[in-house]
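Structural description and commentary
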Amino acid sequence: IAVIGAGAIGALVAGYLSRGGVDVTLVGRASDVPVIQDGGLVIDGVRGNAVVPVKVTDRLEKGFGLVILTVKTQDINSTLSGNVKALGSAPLLTVQNGVRAEEIIRGLIPKENIVSSIVMFGSTYLEAGRILHNFEGDWVIGRAFAPNNGFIDSIGDLLAGAFSVRLTDRITGMKWLKLFLNLNNCLPALTGRSMQETFSHPDISCLSIRLLSEALSAVDRAGMELESLPDFPVARLRALTTMPLAEAGEIFSKTMTNLSREPLFGSILQSIKRGKPSEIDYFNGEIVYLGKKMGEDVPLNKKMVEMVHRVEESGGFLSPEEILNEVGG
């Protein structure tokens with residue numbers, strides 16, 4: 001198999017699969033290739049420390065039976081456009097946050113070749129060839145445009161040697177629920193601090209609940225059907241958004257500050273720190289798009305998109321008090 005993208009998730013996937021005996025080739029940036037060739041993948045975290053030799057290249061070649069795409073949504077077109085011929089008829093397993101990846105990819109390859117997935121484990125990119133595995137979680141897999149078949153079972157069996165795998169025929173509804181778990185990524189991105197530091201602030205945790213409530217209203221109005229994820233049922237989201245705000249904020253704060261023993265920064269802040277565009281348009285921006293489509297006012301999520309883009313451009317982070325003053329709470 002090939003894993004395209006040598007970032008936090010791609011390197012973790014390639015490293016653990018290779019260590020488990022799977023024939024893996026990691027496709028990364030040209031600048032990353034010699035680093036990984038010389039030093040392997042250095043993985044620290046919840047499974048201990050390991051240095052894993054892995055085949056690495058900067059270009060996808062023909063002949064793979066499965067390709068796992070781990071680049072961020074905004075990089076899909078630029079990554080795949082030059083690799084469609086090499087991809088051939090190989091199934092492509094998506095690992096993107098948000099809900100747009102499959103629609104973008106179906107414009108490039110046949111939709112029957114697309115397999116969707118959600119990763120519930122967490123990883124942090126430290127530098128080329130070195131990552132931190134923050135916490136464990138399931139890898140949920142299913143087809144977005146067709147019923148699951150025997151090949152989905154074989155993908156599950158392959159990945160299950162290194163990860164906890166769940167197969168589902170309701171992947172689209174699950175991806176929409178996972179979007180809610182990503183909506184709070186914007187707040188550490190604004191503070192420039194870890195999730196643990198950011199959500200230790202009670203009013204910031206309450207702001208996150210307000211973002212979730214606003215987003216849920218838009219999704220419900222659009223008639224989107226949310227499906228429960230492993231360890232995160234839809235009922236928990238609805239309970240958080242209907243209980244008293246201070247109580248919900250306290251629960252949210254305890255959850256987020258205990259996610260990982262090591263600092264956890266979230267994908268948006270990781271991108272900003274690397275000087276790269278973030279996924280904000282596919283997180284809170286997805287709620288803004290949906291709200292506009294449904295005539296639903298979503299001012300908090302819209303403000304988050306604007307503020308994150310401002311931080312991307314300026315490099316200047318905000319204090320919790322500055323964030324709260326700007327959003328009015």
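Preceding block: the structure.
Here is a short report on the structure shown in this document.

Conventions used here
- Residues numbered from 1 in each chain as written.
- Predicted model: local features only at pLDDT ≥ 70, side-chain atom pairs only at ≥ 80, totals over all residues.
- Heavy atoms only, no water.
- Pairing = 2+ DSSP bridges.
- Helix = DSSP H or I, 4+ residues; strand = E, 2+ residues; numbered from the N terminus.
- Axes fitted to C-alpha atoms, helices over the stretch in contact; angles between N-to-C directions.
- Contact = heavy atoms within 4.5 Å.
- Core = buried A, V, L, I, M, F, W, Y, C linked by side-chain atoms within 4.5 Å.
- Buried < 20%, exposed > 50% of the residue type's maximum accessible area, 1.4 Å probe, protein only.
- Expected span 1.5 Å × (residues − 1).
- Arc of directions from axis to C-beta.
- Polar contact = N/O pair within 3.5 Å; in protein donor to acceptor, adjacent residues only side chain to side chain.

It is worth spelling out the sheet that holds strand β10 (residues 130-135) at this point. The 4 strands lie next to each other as β4-β3-β10-β9, forming an open sheet whose pairing is mixed. Each having just a single partner strand, β4 (50-52) and β9 (122-127) make up the two edges of the open sheet. For this sheet, the mean inter-axis angle between neighbouring strands, taken without regard to orientation, is 25°. Across the sheet, helix α1 (residues 8-19) is in contact with β3 (41-45), β4, β9 and β10; its angle to β3 comes to roughly 100°.

Another aspect to go through is the nonpolar core. Within the largest apolar cluster, 55 residues are counted, with the highest numbers of intra-cluster contacts made by Phe 180, Leu 187, Leu 226 and Met 304. Of all the elements, helix α10 (residues 202-221) adds the most residues to this core, at 9 residues. Sequence-distant contacts of Phe 180, defined by excluding residues within four places in its chain, comprise Leu 212, Ala 215, Leu 216, Val 219, Leu 226 and Leu 237.

Okay, unusual backbone geometry next. With a phi angle near 70°, Asp 231 is a residue other than glycine that sits in the positive phi range. Position of Asp 231 relative to the elements: it lies in the loop between α10 and α11 (234-240).

Spanning 13 residues, helix α12 (residues 245-257) covers 18 Å between terminal C-alpha atoms, matching the ideal 18 Å at 1.5 Å per step. Among all positions in α12, only Ala 248, Gly 249, Phe 252, Ser 253 and Met 256 are buried. All buried residues of α12 fall inside an arc of 135° around its axis, so they share one side. More than 90 degrees from the buried face of α12, the exposed residues found are Ala 246 and Lys 254. Where α12 is buried, its residues touch α9 (195-198), α10 and α11.

Okay, the side chain of Ser 194 next. Take Ser 194: it is sitting in the loop between α8 (186-191) and α9. At 3.1 Å, the side chain of Ser 194 and the backbone nitrogen of Glu 197 are in polar contact. Each residue touching Ser 194, except ones within four places of it in the same chain, is listed here: Pro 188, Pro 263, Leu 264 and Phe 265.

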